[in-house]
Amino acid sequence: MSGNRHSVAQNLRICAESVNGMPVAKSPAMGNLISLESLKAPVSAEEMKMKLDSGGCSTSGSCGSSEGKDQLSDEVWEKVKNHPCYSEEAHHYFARMHVAVAPACNIQCHYCNRKYDCSNESRPGVVSEKLTPEQAVKKVMAVASEVPQMSVLGIAGPGDSCYDWRKTKATFDLVAAQIPDIKLCLSTNGLALPEHVDEIKDMNIDHVTMTINMVDPQVGTLIYPWIFYKNKRWTGLDASKILHERQMLGLEMLAERKILVKVNSVMIPGVNDEHLVEVNKVVKQKGAFLHNIMPLISDAAHGTHYGLTGQRGPRAMELKALQDKLSEGTKLMRHCRQCRADAVGLLGEDRGQEFTMNHVPDDISYNPEKRDAYQEVVARERGEHVATKQAVEQQISGFGAIESVLVAVATKGGGRINQHFGHAKEFQVYEATPKGIQFIGHRKVEQYCEGGFGEDATLDGVIAALEGVDVVLCSKIGDCPKDSLKAAGIRATDAFAHDWIEAGIAAWLAAEFGHVSPAGSEIVAQASA
Ligand code: SF4
Ligand code: SF4
């Protein structure tokens, strides 16, 4: 970075240091912060508490204000603040795990092949092992003891959690008895949902995801070849009509009981892509909390109907164009990673293979101390992040000349620019406009650099995945990939390593556009990228 940055961004720049032998991040303006990175390393609850005592930040111990908190009622905020899927902000800090306990399904979707034995694929419905409820609770206790970020347990296929209800309920009952502070979350196609809504409420399940791909049964005939309902197999328009009616009934029943509903819709070009505008409107009217448009994943090797018949999935920019059309409807989830059905960890990472049943001890006890300490650290860290975002919003609003800039960020979590370009398996994409900086999605890529070397063909794939992106921000990048990106029209810089993401983006914009803030204070001098 040449020149000087007299800015909010500069003040928020974080330098790695060590306090009491433990790594911390230090902000000149705000004192010492505990690095989330350090919390991912093995550390005892005692050590974590020592760190908290040794270097508190200047904000209070509460989460501080945030967009989410300001916009939501206290009741809803309590439900979403630590849920990585229901709160975009929370996904930087909190993890989820899925357990595959309910394999039976009552419908067939053209994009699904209920396949169990694949550890190499990462997409919904794919798992390495099915579990009994007793095995699942052991696994949850093992993960909760080792992964302090874990806040949510979900049952998300393969199969349908409401159709295979006995196993779903047994699993949640066992987990709730052992780890009462874990949020329980289930996903369903909705067909059997209305029969279980009252039990869902009684079991304190606050989050239900329902996949709704159509509100016009004619469209449904192109997606669902059959359903199984009231001991009978239904096909064609009859099947789609029944499914649609049950989904709408289930959605209304959940909304009436104040259970938060996330609607997932699979975007299938030429089948329901345009129709999803109507779906978004209707689910908003019926009380959905979030709408998650998921791009179809389709490959002949997956053995699905769509894969075998050549149905393509949407490109990243097609998905963005649809999401942009929906900005007035149901609020969108844009940070979904289309996880495996046995995923463990922060969104975007999968530690599932570390916790297969052969790694789970027979005799396991659960100690909540580490998780409690982590939550305290996150509350402090999050306060800083929210304050930064608010400060940055004000700066950005003065950048009138900027229409829209897409920024891809390499991050390992914690809301910071903290990953080497070559180590990224995904980039988080933000859009900067004069209205602010918004997370709009992610791009999965093959890791470019392995053992210090990068393959040109892999880099070509990364560049293709970054279609439409203007600049990449990362913690480190070599000259070779930087030059290749530049040749493809994409800038890249590591000048904002370890900054908060929003602060780094604002600083890059200011550097790029030589901006002077409305108040007259120079916020940046020269571009560096
Ligand atoms: S509802 Fe889920 S498990 Fe059942 S066919 Fe569809 S995607 Fe597969
Ligand atoms: S598939 Fe999407 S909604 Fe489900 S756990 Fe992963 S990120 Fe969350």
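Conventions adopted
Residues numbered from 1 in each chain as written. Chains lettered and ligands numbered in written order. Predicted model: local features only at pLDDT ≥ 70, side-chain atom pairs only at ≥ 80, totals over all residues. Heavy atoms only, no water. Helix = DSSP H or I, 4+ residues; strand = E, 2+ residues; numbered from the N terminus. Contact = heavy atoms within 4.5 Å. Areas by Shrake-Rupley, 256 points an atom, 1.4 Å probe, with all protein chains shown as cover. Near = heavy atom within 4 Å. Nonpolar A, V, L, I, M, F, W, Y, C, P; charged D, E, K, R; others polar. Pairing = 2+ DSSP bridges. Buried < 20%, exposed > 50% of the residue type's maximum accessible area, 1.4 Å probe, protein only. Right-handed = clockwise from strand over helix to strand, strands pointing away. Phe/Tyr/Trp six-rings, centres within 6.5 Å; stacked < 30°, edge-to-face > 60°. Salt bridge = Lys/Arg side-chain N within 4 Å of Asp/Glu carboxyl O. Axes fitted to C-alpha atoms, helices over the stretch in contact; angles between N-to-C directions. Parallel < 35°, antiparallel > 145°, perpendicular 65-115°, else oblique. Left-handed = near helix turned anticlockwise from the far one by under 90°. Arc of directions from axis to C-beta. Core = buried A, V, L, I, M, F, W, Y, C linked by side-chain atoms within 4.5 Å. Expected span 1.5 Å × (residues − 1).

Asks: I'm lost on the overall build of the protein in this one. Help?
Replies: Across its full length, the protein holds 17 helices and 21 strands. Within the protein, contacts between residues separated by at least 24 positions form 71% of all contacts whose residues are at least 6 apart in sequence. Summed over its atoms, the accessible surface of the protein is roughly 21600 Å², and 48% of this surface lies on carbon and sulfur atoms.

Asks: Looking at this structure, how should I read the site of ligand 2?
Replies: The full set of residues close to ligand 2 is Cys85, Arg96, His98, Lys262, Met333, Cys336, Arg337, Gln338, Cys339 and Leu347. Residue classes in the shell around ligand 2 are distributed as five nonpolar, two polar and three charged.

Asks: Would you mind showing me how to read the sheet that holds strand β6 (residues 150-155) here?
Replies: In a beta sheet, neighbouring strands pair by backbone hydrogen bonds and run either parallel or antiparallel. The strand order across the open sheet built from eight strands is β13-β12-β11-β8-β7-β6-β4-β14, with neighbouring strands paired in mixed fashion. Because the sheet does not close on itself, it has two edges, and the strands there are β13 (332-333) and β14 (344-346). As paired strands, strand β11 (residues 260-267) and strand β12 (residues 290-295) are joined by six bridges and run parallel to one another. Within β12, the position partnered with Asn264 by the bridge is Asn292.

Asks: Could you clarify how one ought to interpret the environment of Pro158 in this entry?
Replies: As for its placement among the helices and strands, Pro158 is situated in the loop between β6 and α7 (165-178). It is 5.4 Å that separates the C-alpha atoms of Pro158 and Pro103, two residues lying 55 residues apart in sequence.

Asks: For this particular structure, what's the right way to read the pairing of β6?
Replies: The two faces of a sheet get side chains in turn, since along a regular strand they alternate between them. In terms of burial, β6 is a largely internal element, six of the six residues being buried. A crossover connection joins β6 to the parallel strand β7 (residues 183-188) through α7; in handedness this β-α-β unit is right-handed.

Asks: How do you make sense of the packing of aromatic side chains when you look at a structure like this?
Replies: What characterises a pair of aromatic rings is the spacing of the ring centres plus the angle enclosed by the ring planes. Scanning all chains against the criterion turns up five aromatic pairs. With centroids separated by 5.6 Å and ring planes inclined at 40 degrees, the aromatic side chains of Phe421 and Phe427 adopt a geometry described as tilted. A relative accessible area of 2% means that Phe421 is categorised as buried. Among the residues examined, Phe427 registers a relative accessible area of 0% and is labelled buried.

Asks: Please clarify how the site of ligand 1 should be interpreted in this entry.
Replies: With respect to spatial proximity, the complete set of residues near ligand 1 consists of Cys105, Ile107, Gln108, Cys109, Tyr111, Cys112, Arg114, Gly159 and Asn189. Among the residues making up the shell around ligand 1, the classes are represented as five nonpolar, three polar and one charged.

Asks: Quick question: what am I supposed to make of the pattern of salt bridges here?
Replies: Side chains carrying opposite charge are able to pair once their charged atoms draw close together. Counting across every chain of the model gives 18 salt bridges. Ionic pairing is found between Glu195 and Arg246, a salt bridge with its closest N-O pair at 3.0 Å. Residue Glu195 is located in the loop between β7 and α8 (197-202), and its partner Arg246 is located in helix α10 (residues 236-256); the two are separated by 51 residues in the primary sequence. Between Glu431 and Lys320 there is a salt bridge, with the nearest N and O atoms lying 3.5 Å from each other. You can see Glu431 sitting in strand β16 (residues 426-433) and its partner Lys320 sitting in helix α13 (residues 316-325), a full 111 residues away along the chain. The burial state of Glu431 is the same as that of Lys320; both residues are buried. Taken together, the shared-partner salt bridges in this structure form one network comprising Lys320, Asp324, Arg334 and Glu431.

Asks: Would you mind showing me how to read the packing of helix α14 (residues 369-397) against helix α17 (residues 501-513) here?
Replies: At a closest axis distance of 9 Å, the pairing of α14 and α17 adopts a crossing angle of 25 degrees. Classed by the angle they form, the pair α14 and α17 counts as roughly parallel. When you trace α14 past α17, the crossing you get is left-handed. Where α14 abuts α17, its residues His385, Thr388, Lys389, Val392 and Ile396 lie against Glu502, Ala503, Ala506 and Leu509. Classifying every residue of the contact of α14 with α17 by side-chain character gives five nonpolar, two polar and two charged.

Asks: Teacher, can you tell me more about helix α15 (residues 456-465) here?
Replies: Given 3.6 residues to a turn, an α-helix orients residues that are three or four positions apart in the same direction. Among all positions in α15, only Thr458, Leu459, Val462 and Ile463 are buried. Down the axis of α15, the buried side of the element spans an arc of 140 degrees, and every buried residue falls inside it. Seen from the buried face of α15, the exposed residues on the opposite side, beyond 90 degrees, are Ala457, Asp460 and Ala464. Those residues of α15 hidden inside the fold are in contact with β16 and α16 (479-487).

Asks: Just to check I follow, could you spell out the nonpolar core for this structure?
Replies: Generally speaking, nonpolar side chains in soluble globular proteins are found buried as a group. Membership of the largest hydrophobic core comes to 58 residues, with the highest contact counts inside it found for Val99, Val140 and Leu153. By residue number, the principal contributor to this core is helix α6 (residues 133-146), which donates seven residues. In this structure, Trp500, Ile501, Ile505 and Ala506 belong to the second largest nonpolar core, which totals 27 residues.

Asks: Got a minute to help me understand α17 in this structure?
Replies: Counted at 1.5 Å a residue, the expected span for α17 with its 13 residues is 18 Å, and the 18 Å between its end C-alpha atoms agrees. Of all 13 residues in α17, 11 are buried, a share of seventy percent or more. Buried within α17 we find Ile501, Glu502, Ala503, Gly504, Ile505, Ala506, Ala507, Trp508, Leu509, Ala510 and Ala511.

Asks: I tried to follow unusual backbone geometry on my own but got confused; where do I start?
Replies: Positive phi, normally seen in glycine, also occurs at Asn204, with a value near 60 degrees. Even without being glycine, His498 reaches a positive phi, approximately 75 degrees. Within the fold, His498 resides in the loop between β21 (491-493) and α17. Residue His498 is classed as partly exposed on the basis of its relative accessible area, which comes to 36%.

Asks: Would you mind going over the packing of α6 against α7 with me for this structure?
Replies: A pair of packed helices can be characterised by two numbers: the angle between their axes and the separation between those axes. Viewed as axis vectors pointing N to C, α6 and α7 meet at an angle of 35 degrees, and their least axial separation amounts to 9 Å. In this structure, α6 crosses over α7, and the sense of that crossing is right-handed. On the side of α6, the interface is formed by Pro133, Glu134, Ala136, Val137, Val140 and Met141, while α7 contributes Lys167, Ala170, Thr171, Leu174, Val175 and Gln178. Class assignment for the residues of the contact of α6 with α7 results in eight nonpolar, two polar and two charged.

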